Amino acid sequence: MDAFVLKKIHDMKGRKTLNICPLCCRENADVNKPNYDDFYVHCSFCGSFFITSTALVNLEQHLRNKLPSIIRERAVKGMSRLAIFSERPRLEENRVGSYYRVVTLEEVEDMFPKNISERIDRTLINLTSITAYPGSKIKIETSDKNLFFTESNDGMETLFLMEQLVNDGYVIGHVKIPTELKVTVKGWNSVSELQRKEEDSKGSKQAFIAMWFSSEMDAAAEQGIKKAISDCGYNPVRIDQKEHNNKIDDEIIAEIKQSNFVIADFTGQRGGVYFEAGYAMGLGKPVIWTVRSDDLTNVHFDTRQYAHIVWNDTEDLYQKLFNRIKATIATPSIGAHAEKESI
Ligand SMILES: [Zn+2]
């Protein structure tokens, strides 16, 4: 953040609205500032988002350049707006409402394409998303630089990516700004293929573990549950949640959404595990219920009807869980392919 502009914005503490975008510093924005820390921004260049003043202070230049592309991509795909915080806020703060996706600066960095081919792919998806119908032309103005995932303010970078799309045969048009581009049949086919891959990878290999966090459960978690999941070809995900916190945070919700199925172990009778299992069921995801034998009688009345895997020790848990996953969950596509090849 330009220190001068930030100071100017902070000096306007008493004002509720501003016209300077705190991200690009252009005077073409509509900024609602209900208090000292919060900025609700609608910028004709950067898009609509929420950001805190702490996040703005900690926002490094390269990330400030990247952010508008991430915001634009979400807008063209019809995804929720970003609420950018320096650090993850406590859930009960609920400063922005469910219309926004809460992210930290670190997470924003992760949302940017990792390499040039991913930039090309995601730019092409953006271009098809804003195309009215196949064959129609798209007007590209200066403010559409954000469609191209550039990380600098250098216009040459946009032209470089545009030229690559033309050379690869994905779009036709003059490489300049402003210009008009048209996505070719090859481009549309490439987008279909990319979307299919995205659907395949999304959650198909991830399994979420909901369980009690206690040192006495470490072996069961590592050698029992995680090992059974991995040996069946899935990636186990367990969010370390502090016991005293007793909150279901956004990260857990997001990971469950992205998972193919959930293993819920009820040993220790934690409220969070019941919530996570119920949430996954509500999303139509398979839940495998497990509990250590000495705690079976304590399982809540409402969920006793579900067949629990009752285990005695880590080895027993591993074996029963492995068998259940194999029997009830479809093998992930990559694993299935590998298995066929090995036969
Ligand atoms: Zn802006």
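Calculation rules
- Residues numbered from 1 in each chain as written.
- Predicted model: local features only at pLDDT ≥ 70, side-chain atom pairs only at ≥ 80, totals over all residues.
- Heavy atoms only, no water.
- Helix = DSSP H or I, 4+ residues; strand = E, 2+ residues; numbered from the N terminus.
- Buried < 20%, exposed > 50% of the residue type's maximum accessible area, 1.4 Å probe, protein only.
- Contact = heavy atoms within 4.5 Å.
- Areas by Shrake-Rupley, 256 points an atom, 1.4 Å probe, with all protein chains shown as cover.
- Donors = N, O, S within 2.8 Å, 3.2 Å for Na, K, Ca; no water.
- Axes fitted to C-alpha atoms, helices over the stretch in contact; angles between N-to-C directions.
- Parallel < 35°, antiparallel > 145°, perpendicular 65-115°, else oblique.
- Left-handed = near helix turned anticlockwise from the far one by under 90°.
- Nonpolar A, V, L, I, M, F, W, Y, C, P; charged D, E, K, R; others polar.
- Core = buried A, V, L, I, M, F, W, Y, C linked by side-chain atoms within 4.5 Å.
- Phe/Tyr/Trp six-rings, centres within 6.5 Å; stacked < 30°, edge-to-face > 60°.
- Lys NZ or Arg CZ within 6 Å of the ring centre and 35° of its normal.
- pLDDT = per-residue confidence, 0-100.
- Salt bridge = Lys/Arg side-chain N within 4 Å of Asp/Glu carboxyl O.
- Pairing = 2+ DSSP bridges.

Quick notes on the overall build of the protein
Moving on, step 1. For the protein, the count of helices and strands is twelve helices and 14 strands.
Moving on, step 2. Counting only residues that meet the buried cut, the protein has 45% of its 343 residues in that class.
Moving on, step 3. Residue pairs at least 24 apart in sequence account for 56% of intrachain contacts in the protein once pairs closer than 6 positions are excluded.
Moving on, step 4. Counting every atom, the protein has about 17,600 Å² of accessible surface; 50% of that belongs to carbon and sulfur.

Observations regarding the coordination of the zinc ion
Moving on, step 1. Taken together, Cys 21 (SG), Cys 24 (SG), Cys 43 (SG) and Cys 46 (SG) make up the protein donors of the zinc ion, found 2.3 Å from the metal.
Moving on, step 2. Spacing between the donor residues of the zinc ion along their common chain follows C-x2-C-x18-C-x2-C. Here Cys 46 lies in the loop between strand S3 (38–43) and strand S4 (47–52) and Cys 24 lies in the loop between strand S1 (17–18) and strand S2 (29–32), a separation of 22 residues in the sequence.
Moving on, step 3. Residue classification places Cys 24 among the partly exposed residues on the basis of a relative accessible area of 21%.

A look at the packing of helix H9 (residues 250–258) against helix H10 (residues 271–282)
Moving on, step 1. Put simply, H9 and H10 touch, their axes get as near as 10 Å, and they point 40° apart. The angle between the axes of H9 and H10 places the two elements in the oblique class. Taken as a pair, H9 and H10 cross one another with a handedness that is right-handed. Of the residues in H10, those touching H9 at Ile 252, Ile 253, Ile 256 and Lys 257 are Phe 275, Glu 276, Tyr 279 and Ala 280.
Moving on, step 2. Classifying every residue of the contact of H9 with H10 gives six nonpolar, no polar and two charged.

Some thoughts on the nonpolar core
Moving on, step 1. Of all hydrophobic cores here, the largest spans 27 residues; its most connected members are Cys 21, Leu 23, Phe 49, Ile 51, Leu 59 and Ile 84.
Moving on, step 2. If you list the elements that add at least two residues to this core, you get S2, S3, S4, helix H2 (53–58), helix H3 (61–76), strand S5 (81–85) and helix H4 (105–111).
Moving on, step 3. Ranked by residue count, the leading element in this core is H3, at four residues.
Moving on, step 4. Leave out the neighbours within four places in its chain, and Phe 49 touches Cys 21, Leu 23, Phe 39, Tyr 40, Val 41, Ile 71, Leu 82, Ile 84 and Tyr 100.
Moving on, step 5. Listed in part, the 23 residues of the second largest apolar core include Ile 209, Ile 225, Tyr 234 and Ile 288.

Regarding the packing of aromatic side chains
Moving on, step 1. Tallied over the entire structure, the rule returns ten aromatic pairs.
Moving on, step 2. Geometrically, the ring pair formed by Tyr 40 and Tyr 100 is edge-to-face, given 6.0 Å between the ring centres and 70° between the ring planes. Pair noted here: Tyr 40 is in strand S3 and Tyr 100 is in strand S6 (residues 100–104), with a separation of 60 residues, a long-range link. This pair shows no difference in class: Tyr 40 is buried, exactly as Tyr 100 is.
Moving on, step 3. Of note, Arg 26 hangs over the ring of Phe 45, and the distance from its end group to the ring centre comes to 3.6 Å.
Moving on, step 4. Its end group placed over the ring of Phe 39, Lys 33 keeps NZ or CZ at 5.1 Å from the ring centre.

As for the confidence of the model for the protein
When pLDDT is low, close inspection of the predicted coordinates is not appropriate.
Moving on, step 1. For the protein, per-residue confidence averages 85 on the pLDDT scale, and residues scoring 70 or more make up 85% of the total.
Moving on, step 2. Ranking the helices and strands of the protein by mean pLDDT puts strand S8 (residues 171–172) first, with 98, and helix H12 (residues 333–342) last, with 36.
Moving on, step 3. Across residues 333–343, where pLDDT falls below 50, the model places four contacts with residues more than four positions away in sequence or in other chains.

A short note on the pattern of salt bridges
Moving on, step 1. All chains considered together, the criterion is met by 15 salt bridges.
Moving on, step 2. A salt bridge links Glu 118 to Arg 122; the shortest N-O distance between them is 2.8 Å. Highlighted residues: Glu 118 and Arg 122, both in helix H5 (residues 116–129), separated by four residues, approximately one helical turn.
Moving on, step 3. We note a salt bridge from Arg 196 to Glu 193, for which the minimum N-O separation is 3.1 Å. On the criterion of helical spacing, the pair formed by Arg 196 and Glu 193 is a turn pair, its members being three residues apart in helix H7 (residues 185–201).
Moving on, step 4. For Glu 193, a relative accessible area of 35% gives the class partly exposed.
Moving on, step 5. Where salt bridges share partners, they join Glu 73, Lys 77, Glu 118 and Arg 122 into one cluster.

Structural notes on the sheet that holds strand S9 (residues 179–183)
Moving on, step 1. One open sheet holds the three strands; their spatial order is S7-S9-S8, and the pairing between them is antiparallel. This sheet does not close on itself; its edge strands, each paired only once, are strand S7 (138–140) and S8.
Moving on, step 2. Two elements, S8 and S9, share two bridges in a ladder whose sense is antiparallel. Within the sheet, the bridge partner assigned to Ile 172 lies in S9 and is Lys 182.
Moving on, step 3. The strands touched by H5 are S7, S8 and S9; relative to S9, the strand with the most contacts, the crossing angle is about 95°.

Quick look at the sheet that holds S1
Moving on, step 1. The strand order across the open sheet built from six strands is S1-S2-S3-S4-S5-S6, with neighbouring strands paired in mixed fashion. At either end of the open sheet lies a strand with only one pairing partner, and these are S1 and S6.
Moving on, step 2. Judged from the four bridges that link them, S2 and S3 form a sheet pairing that is antiparallel. Paired with Ala 29 across the bridge in S3 is Cys 43.
Moving on, step 3. Set on the sheet, H3 makes contact with S4, S5 and S6; between it and S5 the angle comes to about 145°.

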